[in-house]
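# Structure at a glance
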Amino acid sequence: VSLRDFALGLPKAELHLHLEGTLEPELKFALAERNGITLPHTSVEEIRASYDFTDLTSFLAIYYPAMEVLQTADDFHDLAWEYLVRAKAQGVVHAEMFFDPQAHTSRGVPFENVIGGYRRAAVRAADELGITAELILCFLRDFSAEYAMATLMEALPYRRWIVGVGLDSDERDNPPGKFAAVFARAKAEGFFLTMHCDIDQVGSIDNIRAVIDEVGVDRIDHGTNIVEDPALVAIAKERGLGFTTCPVSNSFVTEQMKSDEIVGLLREGVRVTINSDDPAYFGAYVGDNYVALAEQAGLSHTDLVQLAINSFEVSWITPARRAAYV
Ligand code: ES4
Ligand code: ZN
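For the protein chain, the name recorded in an unreviewed UniProt entry is Adenine deaminase, with Microbacterium aurantiacum as its organism. In its Function (unreviewed entry) section, the UniProt entry covering the protein chain states "Catalyzes the hydrolytic deamination of adenine to hypoxanthine. Plays an important role in the purine salvage pathway and in nitrogen catabolism." Comment text from UniProt for the protein chain, heading Catalytic activity (unreviewed entry), reads "adenine + H2O + H(+) = hypoxanthine + NH4(+)".

Right, here's the structure in full:
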């Protein structure tokens, strides 16, 4: 069996996936039509061509405006459902999916539409695809801590539908400490915690240290700059901390996949995982990311198996949550 077939067929969990980053040009076009929105583009090909960026800032400047087509609960359902169908074809048997409610509530879309549509797709995936899916509420770090706290409060009535909270968007000038109180409250409410520590940010290693020591996260999203501090790597390994890395995304927002860092951590026994981040924008779903990293770094079939094992070990599947599906 070819490396590609092996990588795609390998049962895996996807743990770093932004649902808003799964908006394929075809669906964007269809939703614009359904909602009577006039896009600046007249075809799917033009939308695809507009998904063009060179770094994180230019990516986010395309990413947020694209979401205007998402309005009703059905829209959010359709987005998540299409992702889950694609994910299944990539070997995903469990997905923990980020969603950015503030990217929608900030433009007047009710929180209920967002979470209601996403949850309906997750339940449907268990029924019709035989795969489990959970939601992780992500705060946008370029908005205020007060708005994040208000969003957390708005989410509490839906807590059974949310496994954990995360933090994403532009890390520059928005260090983890800005959200210390929000994450302390989320932890007290029983949510698992993760935060993005993006690649090669100013002060990356200090942010990673703060996220481990002060916030007390259960996982780190990206976080491969941790290799700059071997003592911190040793702590991460000892605690079994999970890292959700995204090779193809890295190659878009920086110059490279960061395969040396990812494989270095894997060889040291740190629980690194491979994920897709924003697959509609980066052109690679999670299995494709396994293949890309394997080809770049010369990984063996056994390495890929270890990466898949890691994805289950650092997932937030718990006996109680599993029981809720059966
Ligand atoms: C993101 Cl690549 C990336 N970085 C930061 N925040 C994000 N949200 C979605 N994709
Ligand atoms: Zn991400």
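### Quick word on the confidence of the model for the protein chain
Summing up the model confidence of the protein chain, the mean pLDDT is 97 and the portion of residues at 70 or higher is 98%. Across the protein chain, the secondary-structure element scoring lowest on mean pLDDT is helix H17 (residues 319–323), at 73, and the one scoring highest is helix H5 (residues 73–88), at 99. Prediction confidence for the complex, expressed as pTM and ipTM, is 0.98 and 0.98 respectively.

### Describing unusual backbone geometry
For Asp 173, which is not glycine, the phi torsion reads 65° and is therefore positive. You can call Asp 173 exposed: it has 10 C-beta atoms within 10 Å. Phi is positive for Asp 277, which is not a glycine, with a value near 70°. Within the element layout of this structure, Asp 277 appears in the loop between strand E8 (271–274) and helix H14 (279–282). Using a count of 27 C-beta atoms within 10 Å as the deciding quantity, one classes Asp 277 as buried.

### Considering the nonpolar core
If you look at the biggest cluster of nonpolar residues, it comprises 96 residues, and the most contacted ones within it are Ala 80, Leu 84, Met 97 and Tyr 118. Residue contacts for Ala 80: discarding those within four places in its chain leaves Leu 19, Met 97, Tyr 118, Ala 121 and Ala 122.

### Considering the site of ligand 1
Close to ligand 1 lie His 18, Gly 21, Leu 56, Asp 168, Ser 169, His 196, Asp 198, Ser 249, Val 253, Asp 277 and Asp 278, which account for all nearby residues. Looking at the shell around ligand 1 residue by residue, the class counts come to two nonpolar, five polar and four charged.

### Focus: helix H13 (residues 259–268)
Along H13, the positions that sit buried rather than exposed are Ser 259, Glu 261, Ile 262, Val 263, Leu 265 and Leu 266. Summarising the contacts, the buried residues of H13 are in contact with strand E7 (242–245), helix H12 (247–253), E8, helix H15 (286–297) and helix H16 (301–313).

### Things to note about the UniProt feature "site: Important for catalytic activity" (unreviewed entry) in the protein chain
The sites that carry the UniProt feature "site: Important for catalytic activity" (unreviewed entry) are, in the present numbering, His 222. Within the secondary structure layout, His 222 lies in strand E6 (residues 219–222). Given 29 C-beta atoms within 10 Å, His 222 falls into the buried group. Ignoring any residue separated from it by four or fewer positions in sequence, one finds His 222 in contact with His 196, Cys 197, Asp 198, Ile 199, Thr 245 and Cys 246.

The rules behind the values
- Residues numbered from 1 in each chain as written.
- Chains lettered and ligands numbered in written order.
- Predicted model: local features only at pLDDT ≥ 70, side-chain atom pairs only at ≥ 80, totals over all residues.
- UniProt positions renumbered as here; feature names shortened; annotations may be inferred.
- pLDDT = per-residue confidence, 0-100.
- Helix = DSSP H or I, 4+ residues; strand = E, 2+ residues; numbered from the N terminus.
- Buried ≥ 20, exposed ≤ 12 C-beta atoms within 10 Å, placed from the backbone.
- Core = buried A, V, L, I, M, F, W, Y, C linked by C-beta atoms within 7 Å.
- Contact = placed C-beta atoms within 7 Å.
- Near = placed C-beta within 6 Å.
- Nonpolar A, V, L, I, M, F, W, Y, C, P; charged D, E, K, R; others polar.

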